[in-house]
Amino acid sequence: MFKATLLGQWHSLSDAALEQALSVRIDFLQFCGLSLSDEMPDESTLCHT
């Protein structure tokens, strides 16, 4: 999830917005090494605390 965290920082996305972006942006999925058939991380997985 390190790459997902980078995307969130680079695009100034909250955890909820990053979760949404990962579900609709294929380029984000590819960067993170995920595919459409993979289970998407939810907001609590991406949480920084």
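Use the structure listed above.
This report concerns the structure included in the present document. Residue positions within a chain follow its written sequence, with the count starting from 1. Local features in a predicted model are, by the rule used here, given only for residues with pLDDT of at least 70; side-chain atom pairs are given and counted only at 80 or more, and totals for whole chains, interfaces and linings are based on all residues. The side-chain figures draw on all heavy atoms in the structure; neither hydrogens nor water molecules are used.

Here the focus is helix α2 (residues 15–24). All buried positions along α2 are accounted for by D15, L18, A21 and L22. The arc that holds every buried residue of α2, seen down its axis, measures 115 degrees, which confines them to one face. The secondary structure elements touched by the buried residues of α2 are α1 (2–10), α3 (26–32) and α4 (43–46). Each residue gets one of three labels from its accessible area relative to the maximum for its type: buried under 20%, exposed over 50%, partly exposed in between, using a 1.4 Å probe on protein chains only. A helix here means a DSSP run of H or I that spans at least four residues, while a strand means a run of E at least two residues long, and both kinds are numbered starting from the N terminus. Here the arc refers to the directions that run from the helix axis out to each C-beta atom. By the convention used here, residues are in contact when the closest approach between their heavy atoms is within 4.5 Å.

Only one rule defines a salt bridge in this text: a Lys or Arg side-chain nitrogen within 4 Å of an Asp or Glu carboxyl oxygen. According to the stated counting rule, one finds one salt bridge in the structure shown. The shortest N-O distance in the salt bridge between R25 and D27 comes to 2.7 Å.

Of note, the phi angle at S12 is positive, near 50 degrees, even though the residue is not glycine. If you trace the backbone, S12 turns up in the loop between α1 and α2. For S12, a relative accessible area of 67% gives the class exposed.

Within the secondary structure, P41 sits in the loop between α3 and α4. Classification of P41 as buried rests on a relative accessible area of 8%. Sequence separation between P41 and L18 is 23 residues; the distance between their C-alpha atoms is 9.6 Å.

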